[in-house]
Amino acid sequence: MSPRLLTVAGAFVVAAVALIAYKVGVLGYEISPQPAPDRWSVQTEVRLTAPEERTRLTFLLPADGGGQRIYDERVSADGMRFYIRPKDGNRVGVAVGRPDGPGRLVYRFSVQTRKSDGPRAVLPASAPALGDEERKEFTSLLGPEEAIQTDGATVSELLEELSVRRDDRAVALQQIHDFIVKDVETTNGHDGPQDALAVLQRERGGAHGKARAEVALLRAAGIPARVVVGVPLVDKKDPSVEHWVEARLGEKWWPLDPVRGSIGFLPEERLVLHVGDAPTFEASYVEAVDYRVSMLREAQTQYQIYERRVANSDRLIDKLSLFALPVKTQELYRVLLLVPLGALVVALFRNVVGVPTFGTFMPILISLAFRESGVGLGVALLGLVVAIGFGGRWALNRAQLLMVPRLSFLLTLVILIIAGVMVVAQHMGFNDAYTIALFPIVIVTMTIERLSIAIVEEGPRNATKLVLGTLVVSTCGYWVIASEALQAFVFTFPEVHLVTLAVLLLLGRYTGYRLSEWTRFRAFRKGGLEKAI
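Let me sum up the structure you'll find in this document. Residue numbering note: each chain is counted from 1, following its sequence as written. Local features in this predicted model are restricted to residues of pLDDT 70 or higher, and side-chain atom pairs are both shown and tallied only at a pLDDT of 80 or more, whereas totals for entire chains, interfaces and linings draw on every residue. Side-chain calculation: all heavy atoms of the structure are included, whereas hydrogens and water are not.

1. Some details on the sheet that holds strand β5 (residues 90-96)
Then, in step 1: The 4 strands are arranged β4-β5-β2-β14 in an open sheet whose pairing can be described as antiparallel. Here the strands that pair on one side only, and so sit at the sheet edges, are β4 (81-87) and β14 (281-284). Shown here is a sheet whose adjacent strand axes are inclined to one another by a mean of 20°, direction ignored.
Then, in step 2: Should DSSP find at least two bridges between two strands, the strands are taken to pair. For helices the rule is a DSSP run of H or I covering at least 4 residues; for strands it is a run of E covering at least 2, with both sets numbered from the N terminus onward. As defined by bridge partners, strand β2 (residues 56-61) adjoins β5 across 6 bridges and the pair is classed as antiparallel. Bridge pairing links R56 to V96 in β5. Working convention: axes come from line fits to C-alpha atoms, limited for helices to the stretch in contact. Angles between N-to-C directions cover 0 to 180 degrees.

Quick look at the structure:
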């Protein structure tokens, strides 16, 4: 390798390190922007199968209060009319009509939580029975509901059996909570009806059923209580919906977890979706509905700090920062700046490891398509399209078309296959199939063409190696591109790509053995040329 090339590559690395060190040490940029610990971005997604013009969705929305503040609410439901109205102390979102496109309604919002810095509250040793004024104020939280049969005979008998102190609400609350936690078995909620009476009679039930049973006993004992529905605030897609209880004692609502037994606090930080026993989501005039909630700690706060700094700074480095771009352009470049790293992964696999792939950039384009679908679903959908397209290409051999008409025919066939797969999947209720439309259609077409040629010219074995190599490199490229931490780092320090350029320069002049050849020539390596022959 020439000294001049090494010098150029070294200069790139030194420049990148110097720029990053200057931005961190002098300008105060963080190597890894930390997400705000108390701010979350939450997304509620509703996917509909076969919606109609009269389709109506009703879902309860989170509200301010109880240590949480909701802001920056946005709804994406093209083709549907959406409005919010109050109901029984909650906020209800209503969407009416047939949505455009793949049938999705997305409700996004940000939430800021407020944790108490003081010690955990301790249940008072004693609290007198409810007075007339309080009983009048909380009438609705002392009576029966459809699934909370406060007036059931089983409820009264249990209160007598447990010798619940009706004259002391604090003692009664502790007695009832202990019974629900210790004596009522916790199930997955699919063991039968989950109304309060059914759970108390079987002495087993899911979290929702146990919460209803505890509320029924508390209300019957003269303690205002309600079911609360929420989700744990964790960096997770599709977190499970949790049900717990709030009981009024003194001037405070006391949270009670009927499953894990906590009283006065919750085992983890949770977002309250709504209070009361009403269903979280209802839909009419639609075949099937998929309701999902996902959330992520907000890293945007740190980005906003950078944007303000860049806007007010006179330093050249700040003015050249990508944070000076419009927000939509920033979102685009957060992804595009990872493509060079994906290309570096392809170069490493091809030139150092010796993994064959279809084309140079096809694996990284597939990796970009996997960002929406995930690896497992993406591989399945891509395999399906290529398999059907390959069958069509094989049947086309007899026609002996010229190359350009043949490729155009194949391109049209691929588009029709993708459209057909999306329609069939939609009718089967497989809503994630819309991500297939994001596949690079021209690249998929060329893959089918090259796969056909490879089988003829190189045989099925080598063609299989090309397919497997492409999938392996695409998967590794996806892990690079899908990394949120890497995305934040590269966007904040795009000069790191000087290191990428340096590595690619050195790889371009690498003529040594590849790792796969180390295995391929194992016999020659151990016994010399004569033994290998």
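Still more ground to cover, so stick around.
2. Examining the sheet that holds strand β11 (residues 242-249)
Then, in step 1: In space, the 4 strands of this open sheet follow the order β12-β11-β9-β13, with antiparallel pairing throughout. If you trace the sheet from one side to the other, it starts and ends with β12 (252-256) and β13 (270-275), each paired once. Here the average twist between neighbouring strands, direction ignored, is 40°.
Then, in step 2: Two elements, strand β9 (residues 225-232) and β11, share 6 bridges in a ladder whose sense is antiparallel. From the neighbouring strand, G230 faces β11, where its bridge partner is E242.

3. A short note on the environment of G342
Then, in step 1: Note on placement: G342 falls in helix α10 (residues 339-353).
Then, in step 2: C-alpha separation for the pair G342 and I364, spaced 22 residues apart in sequence, amounts to 5.8 Å.

4. Describing the side chain of H243
Then, in step 1: Mapped onto the elements, H243 comes out in strand β11.
Then, in step 2: Given the relative accessible area of 15%, H243 is considered buried. Per-residue accessibility, obtained with a 1.4 Å probe over protein chains only, is compared with the maximum for each type, and a residue is labelled buried under 20%, exposed over 50%, and partly exposed between these values.

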